[in-house]
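Read off the chains here:
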Amino acid sequence: FRPSYLTLERNIREFCTFQGKAPVLVALTGTASQLVLIDLKRELGIQDLDSIVRPDTFDRPELRFNLVDCPSHEKREMLSQVMTSIARRLNVQQLDTDAYGIVFGYTVKELWEMFGDFVGNSKDYVRTILQGESGHSHRYGIYTGSPPKNSGLSTEEWGAMKTKTLSAFKRGEVKLLFGNTAVSVGIDNEKLNYVINYKMPQSLEAFYQQCGRAGRS
């Protein structure tokens, strides 16, 4: 998803070779599939047959999984019930004020609507973030690759909002973040307590990657 990465091997060997010796390349990834591992080897010019080192298990004993089945028209109500249940497990009064989590959705429209359920007027909330008004509690955040169609926000404004939101999330100011696959890569928040998948992602690999964000605290 980052085309410039395809030139890494060539650039490293061309510009970092010293006295005829090229640097050793190590590629690290948490949940890569077999196809991704093959791609990494090819693009980085790694030829050794035994170069792929796999963990003994992908089990994450610090994670606890719970699957909730409900009709589509009851999902919003069920989300509230699930959050109450998680709050009890974490021994906190209210999940969106006393803990840190991510609600993963699939479509931008779906996430925008859920975000609105918590903040009221989504447009006004985002505008307040962009204006940087003092005293405003940035408890909720939303992060998607593109702005919602009915948000009235330009791509530049949405990008600025995402930057502010991610920074606030990493600092612990945003307690509840709504996002899709755009936010599942590179999240660095050691306070994360839980993850909710409002809708299953496209692959098991993506699901496990998103779930892994909950194991930071």
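Conventions used here
- Each chain carries its own residue numbering, running from 1 in the direction its sequence is written.
- Totals for whole chains, interfaces and linings use all residues, but because this is a predicted model, local features are given only for residues with pLDDT of at least 70 and pairs of side-chain atoms are given and counted only at 80 or more.
- No hydrogens and no water enter the side-chain calculation; it runs on all heavy atoms of the structure.
- Centres within 6.5 Å are what make two rings of Phe, Tyr or Trp a pair, Trp counting through its six-membered ring; a difference in plane orientation under 30 degrees is then read as stacked, over 60 as edge-to-face, and the rest as tilted.
- Only runs of H or I of at least four residues qualify as helices and only runs of E of at least two qualify as strands under DSSP, and these elements are numbered from the N terminus.
- Note on exposure labels: buried denotes an accessible area under 20% of the residue type's maximum, exposed denotes more than 50%, and partly exposed covers the range between, all computed with a 1.4 Å probe on protein chains only.
- We call a charge positioned above a ring when the Lys NZ or Arg CZ atom is no farther than 6 Å from the ring centre and deviates by at most 35 degrees from the ring normal.
- Contacts are assigned to residue pairs with any non-hydrogen atoms lying within 4.5 Å of each other.
- Helix axes use the C-alpha atoms of the stretch in contact, all axes being lines fitted to C-alpha atoms, and the angles between their N-to-C directions lie in the range 0 to 180 degrees.
- With respect to orientation, any angle under 35 degrees is reported as roughly parallel, any angle over 145 as roughly antiparallel, any angle of 65 to 115 as roughly perpendicular, and every other angle as oblique.
- Patch membership requires more than 30% relative accessible area and the absence of a salt bridge. Residues of like charge join within 9 Å; the nonpolar side chains Val, Leu, Ile, Met, Phe, Trp and Tyr join within 5 Å.
- Where accessible areas are quoted, they stem from the Shrake-Rupley method and a 1.4 Å probe; at the residue level, only the protein chains shown are allowed to cover.
- Criterion for a salt bridge: a side-chain nitrogen of Lys or Arg within 4 Å of a carboxyl oxygen of Asp or Glu.

Asker: Pulling in residues and values, what's your account of the packing of aromatic side chains?
Answerer: Centre distance and the angle of the planes are the two values used to describe a pair of aromatic rings. The final tally for this structure, using the stated rule, is 7 aromatic pairs. For the ring pair Phe115 and Tyr125, a centre distance of 5.5 Å and an interplane angle of 85 degrees mean the geometry is edge-to-face. Taken together, the residues span a long stretch of sequence, with Phe115 in helix α5 (residues 108-119) and Tyr125 in helix α6 (residues 122-131) at a distance of 10 residues. The pair formed by Phe115 and Tyr125 is uniform in burial state, with each residue classed as buried. Ring geometry for Phe118 against Tyr140: centres 5.7 Å apart, planes inclined by 50 degrees, an arrangement best described as tilted. Within this pair, whereas Phe118 is found in helix α5, its partner Tyr140 is found in strand β2 (residues 140-143), the two being separated by 22 residues in sequence. When its relative accessible area of 25% is taken as the criterion, Phe118 is described as partly exposed. Over the ring of Tyr198 we find Lys75, and its NZ or CZ is 4.4 Å from the ring centre.

Asker: Any details on the environment of His138? Residues and values, ideally.
Answerer: Locating His138 in the fold gives a position in the loop between α6 and β2. The exposure class of His138 is buried, given its relative accessible area of 12%. C-alpha separation for the pair His138 and Thr128, spaced 10 residues apart in sequence, amounts to 9.3 Å. Leaving out residues up to four positions away in the same chain, His138 has contacts with Tyr125, Ile129, Lys164, Thr165, Ala168, Glu173 and Val174.

Asker: Give me the lowdown on the packing of α5 against α6, citing residues and values where you can.
Answerer: Here α5 crosses α6 at 80 degrees, and the two axes come no closer than 9 Å. Our classification of the angle between α5 and α6 gives roughly perpendicular. Residues Trp112, Phe115, Gly116 and Val119 of α5 form the contact with α6, whose own contacting residues are Ser122, Lys123, Tyr125 and Val126.

Asker: Run through a nonpolar patch on the surface, naming residues and quoting values.
Answerer: Together, Val24, Val26 and Leu28 line one region of the surface with nonpolar side chains, adding up to about 400 Å² of accessible area. Relative to the elements of secondary structure, Leu28 occurs in the loop between α1 (8-15) and α2 (34-44). Looking at Leu28, the relative accessible area reads 78%, which means it is exposed.

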